[in-house]
Each structure stands twice: as C-alpha cells, then as structure tokens.
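# Examination of the molecular architecture
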Amino acid sequence: MMKKALLIGFTVLFLGVFLVIPLGAVLAEAFRKGAGAYFAALQDREALSAIGLTLLCTAIAVPASVIFGVAAAWAVARFRFPGKSLLVTFIDLPFAVSPVVAGLVLVLLFGMQGALGPLMIKSGIRVVFAIPGIILATIFVSFPFVARELIPLMQEQGDEEEQAAMLLGASGWQIFWRVTVPKIRWGILYGVILCSARAMGEFGAVSVVSGHIRGKTNTVPLHVEILYNEYNFVAAFAVASLLVLVALGTLAAKSALEWKVRNEH
Amino acid sequence: MKRVGVLPGFGLTFGFTVLWLSALVLIPLSLLFFRAASLNLREFLDVVLDPRAVASYRVTLFCSLAAAIVNAIAGPIVAWTLIRVHFPGRKLLDAVVDLPFALPTAVSGIALTAVYAKNGILGSKLAAIGIPVAFTPLGIIVALTFIGLPFVVRTMQPAIEDLDPTVEEAASILGASKWQIFRRIIVPALLPSLLTGFALAFARALGEYGSVIFISGNMPLKTEVTALLIVTKLEQFDYAGATAIGAVQLAASFVLLFAINGLQWWSARRTEGTNA
Amino acid sequence: MSIEVRNISKSFGSFRALDNVSLHVEQGELVSLLGPSGSGKTTLLRIIAGLETPDPSQASAVIFDGENLTTLSAKDRGVGFVFQHYALFRHMSVFENIAFGLRVRPKATRPSDDVIKAKVMELLRLIQLENLAERFPSQLSGGQRQRVALARALAIEPRILLLDEPFGALDAKVRQGLRRWLRRLHSEITVTTVLVTHDQDEALEVSDRIVVMNHGKIEQMGTPEEVFHKPANEFVMDFLGQVNLFHARVEGQSRKLMVRPFDLDIVTTKSSDSAVPAKITRINAAGSAVKVELTSEAGDAILVEIPHDKHRGLNLKVGDAVFVSPRESKVFFEDYAI
C-alpha cells in the first residue's frame, strides 16, 4: 500500500511539475491583464495573418504526409526488396535531424547563395524568407508521421485480404480503395492528428527560413516568439494559449482514437 | 530490382517513395556535407573548433545527457505506475505524457520560462534557496527533460505491458526474493527499451531549439546550445560558419540514428530469442 | 476443368520449397495435397493460384484445360481460393464479402444489383447462413467464417477451387461436420478442387485422390485406398497412420518391418514362427477398437488394436505375457541399410 502511494505520488508530482504547471502558467499569464487584453491580442491583424499562414502550411503538409505515407507503407509492408530497412531508416531521418539543420539545408538549397539560388533569382520565385520556404520546412519536419503509423499497422495486418480480393478479380485500385483503405483508415487518421500538431507547432525549421517578416511570413509559433521578445507577454501567452488548445485537442483526439481502436478488437 | 510480392503497385509506390525521400531529404542533407567539405580544412577547423562553438557542444552534450539521465530514472517509474498501478485519473495522466509531443516547442519554451524564472511560481521558490533555474544550464536541463520524457515513457510502456506477471509469480514460487525478481527478471526484460528510450531522448535533446532558447538565456560560452549558434551564424549571414557547425550537428544525429537502429535490432532479437 | 502442373520448382533463398513437381488433376476431381509442414504443399497451391511465381524454367508450366496460365496474373485466373485463416474482409458484411467478386467486375460484365442479390442469397442458402447476411466476420464462429469464405470463392463461378488447410483452425467436432458437408457440396457442384492439409484422416475421408508430399517432392499419388493400403515407401506408410517398427532378418538380410496396429494380433500361445513374445503394459478400451500397448523382449514398444469382442474373449490384463503376431501378410518391407 505504502509502495503504491509512493509510486502514484512520484508520478503525479513529476508529471505535475514538468507538464501540468507549465500548461497552467500559459493560461495564467495570458489572462494576467484580463479577458479584454486577451481577446485584443487574438484579434490583432498580425496574429490573424499568422493563424492564416499556419493553417495554409498545415493544409498542404497533412495531405503530403498522407500521400507519402500510404505510398511508402504500400511499398514497404507489401513487398520484399533489398535495402528495405535502409529505406525505413531514411523515412525516419527528419525526426533525427535537428529542426535548425532542416531549415539550414533549405537555405543552402534555395537561398540567394544557395545551390539553386541563381535559378531562383532568374525565375523570380522566392523560397527562403518567403511562404514557399515555410511550407517546405513544414513538410520536411512533418511528412513521416503517417508513414510511421501505417508501416507497422499494415505489416501486422498482413496482405491476405488483398490477395483474396485479387483472386476475386479486383484491380489494383479496387483492392486499394475497397479493401486496404477501410483497413487502415484509423491509422491514417492517427497519423494525420500527429502530423497536424507538428505542422502547426513547428518552430525551429520554420524560424530559420522565415525571415520573420511580420504580417507576411510569420506562423503562429513565430508570432509568439516575436511578441515574447518584445516583452509583450500578455499577447505572447494569449496567442500561445491557442496553441495549447490545439495541443489539448490533439491529445484528446489521440486518446479517443486509441480507445476506439482498442474497443473494436 | 528483384522484388517478392504478388500484389500490384510496387513500381508506383516504391518509385514515388524513393523520389520523394531523395528530393526532400537525402539530396538536401547531402548538400550540407558537400558544402562543408568544400570549405578549406583550415577554415572549417577554425569554425568548428572555435571556443564559442566548443563551449556550445559542451553545453549541449552535458545538458542533453543530464536530461536523458533524469528521464531514464523518472521515466521507468512513471511508465510502471501508469501501467501497473490503478488509480483514478490514471488515463488522464497517461494522455498528458504526450503533451511535449503535441505542444509547439516555442510554447513549451515560454511556459517553462514563466514557471522557472526568478518571479515564476516554482522558480521564485528555487531561487530563494539558492538554485536559480532559468538562464542557467539547469534551465536547459529542465527544458530538455520536458521534451525527452515521452520518449522514455512511451518506449517503455509496451515492454512493461509485455512483462508476463506469471513469470514473476513463477520466480516467487521458486523462492526468489522481491529484489531478486527485480534484479534478475524485470531489469533484464526492460533494459533494451530503457536504453532505446534513453537514446531517443538524448538524440532529440541534442538538436532541440524551440523549448531551449527562451529558458537558457543564450549567453555565449555559458548557456548557448549548438542549434542556437547555427541560427545566430545564419542571422549574421555567415553561411560558411553555419554550414560547418550544421555538418557537425548532422553527423552527431546520424551516429545516434544508427546507434538507435542497432539498439532496436538488438532488443528485437533478444525478445525473439526468449519467445522461441 | 483439368489442371496440369509441369516441372515446377520454387526456392526461397537457399530453401528449396518445391523440387521439380508435376501433377495432373482431372475435371471434377477433389484432390488433397497431404504432407507435413514445410513439405511444399501450400507453395504448390499458391503457384496454381498465381500467388507465387515458380522459379523460371523453360519446362515449367501451369495449365488449365490445355490453356497455359504460367504468366497470367492471379487476378485473371478465375480461381476460387479459400485461405487458412479465411481472409474475410473484416469491414464488410457477410453479404458484401460474398458479393465482392461480382461487384469488382468491369462495367460491361458486371451483373445488375438484382442479379448479384439473387446470386448471394443462393450461396447463403447453400452454406446454410441465410439469416446471417448482415453480420460482420467478427460476429461469426470459426465454422461459419469458413463457409462464408467458401461461398465468397464460389460466387465468381471459379474454374477451379483451391482450399488451403480449410479446416485447420477449427475444433475437432466442427471439422468432422464440415468435412462431410464439403464432400456433399463437391458432389453437388463438381468443381475441380485441390485441398491442402496436414491431417491424414481429413485427406483419407474427403479426397478422390491424395498426393502425399515431403521435402518439396511428391512421394505418392493415388486413391485413399491405394496410399493407405499400398504405401509406396516408408514415409507414406508412416505419415498415413500409426505404425509399429520391427527390425528383423529376412532371408539373411536385415530388414525393417512396418505393421499397422490393426494388422497385428494378440495370441496367448506361440502359434507361428513370426509370433513375438511381449508383456502388456497398458490397455485402453475407450474408442472404436481396444488399444493394447506392449513391450517386446527386446524392449521395443508395440501398439496393437483389437476388436472389443476379441478383447473380451481373451480377458487380457496389464502384466500378462502374450505373443504378438502379424495378421495376414500385409506387412511393409523396407530395405534397411546399415
């Protein structure tokens, strides 16, 4: 009994100090000057533009993750070929690399002095310090989420149902849409939830390529940083509280989905 | 390419996957090494061995290691409690463990700073007893512990779930003491996942940027991490310097990635061995 | 539809799953591929279906009714296949599972919804599950899933039907019933059928012919009576039922004698030269025959099966010293190399 209380006490204290109290601090700071200041910070023109850009990045990065994830999982989980484990390791690379390095390589590739710099200047397309760079950085850090979810799932499910469908005369696309997609839809959704959270919250990689042009190339996390560095704490925490809501929503959706999948089996 | 499998779609999906990875990940990352290699050696070493850079490696390595160790001690206890001990609110706490994954790092950074700064709710009490947290290496360790915690807990939970309680019962029937059961049954079974979780947390900490820069104070030579040094160099348009240090950072990531893959391969082989 | 398999080999890495196998199945026959695990029987079945490709060779071919299908995709072979674990579509109802093969046809040949419905209902009647059409696979028992899998395979009116260990995952009781049901079904629809099994009783009961396989090769082909009573070699004899093994000198040569338990008799007096003295160690009178376990003077364990009335007449007890002698001359001789 003593031991049990000790374990619970430690866990509650540790998770409380490291996870729960900081979360509460965001809300406390955000409302320090009252609800009026809080909502004023959210309705600020630059805040709204940052929200718009973040939603745009997420709207592009999530489908990219889904398409890549499904293709990669189909290749990896349905076939045997040499170099497979190397391929899986490469899929994990964006998670192993520092986000700052991810941003750096985009600058080296698309910057004015970068490998494709002359091409960029000639064509008049700006990538670095512009929206395309931010989108690319977001895709880079978030695309493996769906693949990482689907590869083990499809390996575990096996491909007998697909083989059965093929023997019944189904074409490749019919097999995919009618048999595989219904089997993996919750896995895709799970990956989409994690991918969205990362896409909306990415900071390091986006920070390097953004150039921090207010009202133009600022995402929500970058906007938080700027406000914070200007000592505009109430506004910084107010905008941050939006991201806290997104994070809590992510956790809730994730838990609900885990619960649903567990109860289906 | 010789492939084994009867379903259609290999060419399309494999080709797309390889093309995507090459364009987005492999070619850009190799470009970084290529650029670093094209610096002359003298120049490269000057940047990489500059005292400020070396100090940043030291801070990054030391704080990452310390945070990973804290997580390697607290993580197993948290994971064990969340799996084996039943109490009200357990599910909620379990969900909260993923918070560092879900919360944007910048938000984590300012939140931790608000809590641990001298006027913060915990920071004020700690400062009063002579332990300042924010703007010291300790602050960096707090931030890195925060972001590393889910790696250890989430890696260990399946291993704890897989522990067969009947094995512990069998051991106790055979006359093993609680300590012997812990030492000879539980520790060996959980060690691979603990090491993997530790390595994952350590790897993540080495490259961490967002959650660190607010709480660290970013004093060169003292509390400046390598990731921040790269950003600083980029902001000063010192592309050669950023490239050189970026290459060092990336090389460290690769080494850890292969170490982690090796660990996972080793632990998979070990569990297969015990099941057979 | 007849099936002809010619000179098929298949290797997985260094493992040779099939070694130059040839086989012919007549129109309307039900043939079992029987063998231990790793004998290559499932691989052969999957090659016939087009789920595996044989090792490339000029001589190898899979031919249905004279049409060479070796390079044709599994999708276009028109084969009905029942997987060991059924592989039912878990997110579709029983009805939709059975209708799948009709629904995925190209528009030009796809039947109308009414025709599909009628066809599925007919199959549901055939498998006696009319009232479970809206259930999902997870709500069915193993035997019911098995029958749905069979109906799904039959819905496309397959040219041939292939069954991979169809009863392998079921209880002994359910198996018995399904075996007889399959036999009846086959005489009704007479589709050429190949069935894979490792259970000799199953093969002996349902098949027109049995193909006994071991180590990627065919050991013997024949009717159940042939393979059971005239086994071609020691492996087939051993695999198709319990045997007693004796070492003896016949005509001055060392020989291995294999005798089935019911081909041995127990006598109380030494009746002939071939009678062997032995001591009874256990008697089990439960079952269709009485099983008597004995130990010979040489220390060999011997199993004898005698009818109940004979057992009552002899009044045997554990510990009795008796003689065991081969009944009739159905003794299997095998060269015994030293």
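Just so you know, these numbers come straight off a predicted model, no measurement behind them.

## Details of the sheet that holds strand β14 (residues 276-284) of chain C
Residue and element names in this part refer to chain C. The sheet built from five strands is open, its strands ordered β13-β17-β14-β15-β16 with antiparallel pairing. Taken across any chain shown, the strands that pair with only one partner, and hence form the sheet edges, are β13 (264-267) and β16 (301-306). Sheet twist, expressed as the average angle between the axes of neighbouring strands with direction ignored, equals 45°. Across four bridges, the pairing between β14 and strand β17 (residues 321-326) is antiparallel. By the bridge assignment for β17, A278 is matched with V322.

## Here we look at the interface of chain A and chain C
Taken residue by residue, the interface counts 18 residues in chain A and 23 residues in chain C. Summed over both partners, the interface of chain A with chain C buries about 1,900 Å², with 63% contributed by carbon and sulfur atoms. Taken as a group, A:E161, A:L167 and A:L168 account for 38% of the area that chain A buries against chain C, more than any other trio of residues on that side. For the interface between chain A and chain C, the tally reads one salt bridge. Notably, a salt bridge pairs C:R90 with A:E161, separated by 2.6 Å at the nearest N-O pair. Counting across the interface, chain A meets chain C through four residue pairs in polar contact (both at pLDDT 80 or more). Where the side of chain A that touches chain C is concerned, the elements lending two or more residues are α9 (160-167) and α10 (172-201) of chain A. Here the element with the most residues in the side of chain A that touches chain C is α9(A); it accounts for seven residues.

## Concerning the environment of A:V97
Examined against the element boundaries, A:V97 turns out to sit in the loop between α4 (84-96) and α5 (99-110). Under the relative-accessibility criterion, A:V97 is labelled buried at 5%. C-alpha separation for the pair A:V97 and A:V141, spaced 44 residues apart in sequence, amounts to 8.9 Å. Look past the residues within four positions of A:V97 in its chain and what remains in contact with it is A:A102, B:L29, B:L250 and B:S253.

## Some thoughts on the nonpolar core
Core analysis: the largest hydrophobic core is formed by 212 residues, its most contacted members being C:L44, C:F64, C:F100 and C:L162. Per element, the largest residue contribution to this core is 14 residues, and it comes from helix α8 (residues 137-162) of chain B. Residues within four places of C:F100 in sequence aside, it is in contact with A:A165, A:L168, A:A170, A:R178, A:V179, C:F89 and C:M92. Counting 36 residues, the second-largest nonpolar core is a separate cluster that includes C:A133, C:L140, C:W181 and C:L182.

## Considerations on the pairing of strand β9 (residues 209-214) of chain C
Residue and element names in this part refer to chain C. For β9, the tally of buried residues reaches six of six residues, placing the bulk of the element in the interior. Judged by which residues are buried, β9 turns out to be covered on both faces: R209, V211 and M213 on one side and I210, V212 and N214 on the other are all buried. Where strand β3 (residues 30-34) meets β9, four bridges bridge the pair, whose relative direction is parallel. When the bridges of β9 are listed, L34 appears paired with V212. Hairpin connection of β9 to strand β10 (residues 217-222): two residues between the antiparallel strands, including H215 at a positive phi of 50°.

## Observations regarding the domain arrangement of chain C
All names here are of chain C. Assigned domains within chain C: domain 1 (3-238) and domain 2 (243-337). For domain 1 and domain 2, the distance between their C-alpha centroids amounts to 40 Å. Taken together, the eight residues of domain 1 in the interface contact nine residues of domain 2. Here domain 1 packs against domain 2, burying approximately 800 Å² in sum over the two surfaces, 62% of which is carbon and sulfur. Applying the counting rule to domain 1 against domain 2 returns zero salt bridges. Put simply, domain 1 and domain 2 have one residue pair in polar contact (both at pLDDT 80 or more) between them.

## Quick notes on the packing of aromatic side chains
All chains considered together, the criterion is met by 31 aromatic pairs over all chains. Relative to C:F83, the ring of C:F81 lies with its centre 4.7 Å away and its plane at 50°, an arrangement referred to as tilted. Grouping residues by exposure puts C:F81 and C:F83 together as buried. Geometrically, the ring pair formed by C:F235 and C:F239 is stacked, given 5.6 Å between the ring centres and 15° between the ring planes. In this pair, C:F235 and C:F239 both sit in helix α8 (residues 234-239), four residues apart, roughly one turn of the helix. Cluster of aromatic residues (ring-pair linked, three or more members): A:F203, A:Y228, A:Y231, A:F233, A:F237, B:Y209 and B:F214. Geometry around C:F89 places C:R152 over its ring, the cationic atom sitting 4.5 Å from the centre. Stacked on the ring of C:F228, the Lys or Arg C:R260 has its end atom at 4.6 Å from the ring centre.

## What about unusual backbone geometry?
For A:F129, which is not glycine, the phi torsion reads 60° and is therefore positive. Following the sequence through the fold, A:F129 ends up in the loop between α6 (117-123) and α7 (131-142). On the basis of relative accessibility, which here comes to 27%, the residue A:F129 falls in the partly exposed class. Unusually for a residue other than glycine, C:E165 sits at a positive phi of about 40°. In this fold, C:E165 is placed in the loop between β7 (160-164) and α5 (172-189). Of the residues examined, C:E165 reaches a relative accessible area of 7% and is grouped as buried.

## Some thoughts on the environment of A:S85
Residues and elements named next belong to chain A. Tracing the backbone shows S85 in helix α4. For S85, a relative accessible area of 60% translates into the label exposed. In the structure, S85 is positioned 101 residues away from W186 in sequence and 25 Å away in space, judged by C-alpha atoms.

## Considerations on the side chain of B:S216
All names here are of chain B. Tracing the sequence through the fold places S216 in helix α11 (residues 210-216). A distance of 2.5 Å separates polar atoms of two side chains, one belonging to S216 and the other to N218. Filtering out sequence-adjacent residues up to four positions away, S216 remains in contact with F135, T136, I140 and T223.

## With respect to the pattern of salt bridges
Pairing of side chains with opposite charge becomes possible as their charged atoms draw close. Residue and element names in this part refer to chain C. Tallied over the entire structure, the rule returns 35 salt bridges over all chains. For R179, the salt bridge goes to D199, with nearest N and O atoms at 3.5 Å. One end of the pair, R179, is in helix α5; the other, D199, is in the loop between β8 (192-197) and α6 (200-206), and 20 residues separate them in sequence. The same class applies to R179 and to D199, which are both buried. Its salt-bridge partner being D265, residue K310 comes within 3.0 Å of it at the nearest N-O pair. Pair noted here: K310 is in helix α9 (residues 308-314) and D265 is in strand β13, with a separation of 45 residues, a long-range link. Given a relative accessible area of 28%, K310 falls into the partly exposed group. A residue is classified by how much of its surface remains accessible, and D265, at 14% relative accessible area, is buried. Each of the salt bridges in this network shares a partner with another, and the network as a whole consists of R175, R179, R180, D199, E202 and E205.

The rules we used
Residues numbered from 1 in each chain as written. Chains lettered and ligands numbered in written order. Predicted model: local features only at pLDDT ≥ 70, side-chain atom pairs only at ≥ 80, totals over all residues. Heavy atoms only, no water. Pairing = 2+ DSSP bridges. Helix = DSSP H or I, 4+ residues; strand = E, 2+ residues; numbered from the N terminus. Axes fitted to C-alpha atoms, helices over the stretch in contact; angles between N-to-C directions. Contact = heavy atoms within 4.5 Å. Buried area = accessible area lost by both parts, 1.4 Å probe. Salt bridge = Lys/Arg side-chain N within 4 Å of Asp/Glu carboxyl O. Polar contact = N/O pair within 3.5 Å; in protein donor to acceptor, adjacent residues only side chain to side chain. Buried < 20%, exposed > 50% of the residue type's maximum accessible area, 1.4 Å probe, protein only. Core = buried A, V, L, I, M, F, W, Y, C linked by side-chain atoms within 4.5 Å. Domains from an automatic or database assignment. Phe/Tyr/Trp six-rings, centres within 6.5 Å; stacked < 30°, edge-to-face > 60°. Lys NZ or Arg CZ within 6 Å of the ring centre and 35° of its normal.

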